[in-house]
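Letter by letter, the chains look like this.
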Amino acid sequence: MSLFGPVYKREHGKEQPHIPFGPFKVRFPFIHYRFELPDYLQGLLMCAVCLGIIPVLQEYLGMPFEIALTIVILNGFLYLWHAHLGDPVVPGWITPFIPLLLLWLKTFPEGVARMHALIAFEFELGLFCLFLGATGLAKRFVDLVPDALKAGILLGGGIAAVKLIFDKGGRFDTFPWTIAICIGFAFYVLFSNHFKTLRNKNVVLKSLSDLGLLPAIAMAIIVGPLVGELAWPSLQWGFTVPQFYTLFTEWTPFAERIGFPPVHLYLEAAPLVAAAYIVLFGDLIQAEALVDEAREFRHGDEAVYYDANRNNIICGLRNITMSMVGPDASMCGPIWAAMQVVECERYKHGREAMDSLFGGVGSFRLGTFTGYFFTPIVTLVKPILPIALSLTMLVQGYVSVRVGILKARTYNDLGVAGIVASVLIARGAGYAFGVGLVLCAMIYGKDFFRNWSNYDKTKDPVFNSKINIEG
């Protein structure tokens, strides 16, 4: 047996050893999967991205830094559920929806009312995911939603993410040079065609690209102080002490100051929950595609399959748990897409590089969870957390707008999506759903519930006509 295990070996082409437990398949490191040191070490560094939600919890909910950090730690523990319950993914936030949730939360006064709104939303989202996962109705729910409406939600989320950073008096006004330089570098590394040609010829550049946002975040540690917008990190040694007692007694529905939300908030949150689930479901589809591609690349050496229903159940349990013990504006999503790509790419290098996909994703999340407790890591990135969140939102905005537009299959879809996105940002999910459904019914008529996956856009009258705008 190697230094990092596992005790139980997998036969070629078979499933990784596990303990059956209802819909779950329980695995432990060193016993059921090999502990992957490279992925663990990368997780130690990438925990900086997870810590980026701390400024949001401070700004929108008024939480002290230590309480917000404790929430990140709790969320980090729940991340571990996925790989260890049979879900071969790196879980993360529901990033595209964070700006829309924040817009909704701002309609409530800061304090107890806003906490109630977040608790109601997160609990209801968890319950909805749990129900759809347990019944297997997830795909049917999303199939019923017209593509024009889906495109509008994604488009609105992308625009809201960019607006969050560039609002007057917002983060860009506070850190203009740091954000501009670091986001420019991030966009070049992540999306530039020129860089893609370079990375294919250079191992170092390929490794840089595989780290996603981390190089740009690390750059902010140096750029921020040099341009006079941030202080140099003040490194401290030791270990983080989570404030579980204070969190539970002062910031949860069990706290006397907070209490449980009134029933009407659950009704108000319902349209937002439906919109959030559409975004979440898009992540499910992406996760399945990445796992399937990685499995095929390894020529079936491991029987690893992605079960969207199991993922829904775990996400549901995570959101319900966090709503009760640590309400979190990042929400509990099914996948951290950038890191899932990195893990799947390393998995493709063969069994010697990564024995099992469960070992890769599990070790990575063990790394991020450990990183939260190392004070040197936390204090190193503490000054640049607002920058880390800004970079995350801007990259997410770019991707969401791109995916939202591609989700539209016809010119009519694009028109409806634009209206839905605008209403979503201006008036919220309830109005956006109402406007979107009415527009779809008026424009598509009997084709409202058409199977759009088989639709030929060349048959769309608008596609074959010229639109003349006179003015």
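In short, a report on the structure. (Residues numbered from 1 in each chain as written. Predicted model: local features only at pLDDT ≥ 70, side-chain atom pairs only at ≥ 80, totals over all residues. Heavy atoms only, no water.)

Let us look at unusual backbone geometry. A positive phi angle, near 70°, is found at F30, a position not held by glycine. Position of F30 among the secondary structure elements: in the loop between strand 2 (24-26) and helix 1 (37-50). The residue M331 is not glycine, and still its phi comes out positive at about 60°. Along the chain, M331 falls in the loop between helix 15 (308-325) and helix 16 (337-347). Owing to a relative accessible area of 0%, M331 belongs among the buried residues under this scheme. (Helix = DSSP H or I, 4+ residues; strand = E, 2+ residues; numbered from the N terminus. Buried < 20%, exposed > 50% of the residue type's maximum accessible area, 1.4 Å probe, protein only.)

The next thing to look at is the pattern of salt bridges. Here the idea is simple: oppositely charged side chains can pair when their charged atoms come close. The tally for this structure, following the rule as stated, stands at 15 salt bridges. As a salt-bridge pair, D301 and R10 come within 2.8 Å of each other at their nearest N and O atoms. Linking D301 in the loop between helix 14 (263-297) and helix 15 with R10 in the segment before strand 1 (19-21), this pair joins segments that are 291 residues apart in sequence. The closest approach of N and O atoms between E293 and K348, which form a salt bridge, is 3.4 Å. Of the two residues, E293 sits in helix 14 while K348 sits in the loop between helix 16 and helix 17 (357-371), which places them 55 residues apart along the sequence. Given a relative accessible area of 42%, E293 falls into the partly exposed group. Judged by its relative accessible area of 13%, K348 is buried. Each of the salt bridges in this network shares a partner with another, and the network as a whole consists of R10, R298, D301, R351 and D355. (Salt bridge = Lys/Arg side-chain N within 4 Å of Asp/Glu carboxyl O.)

Within the largest apolar cluster, 138 residues are counted, with the highest numbers of intra-cluster contacts made by L51, F97, L101, W104, F121, Y277 and Y372. The element contributing the most residues to this core is helix 14, with 17 residues. (Core = buried A, V, L, I, M, F, W, Y, C linked by side-chain atoms within 4.5 Å.)

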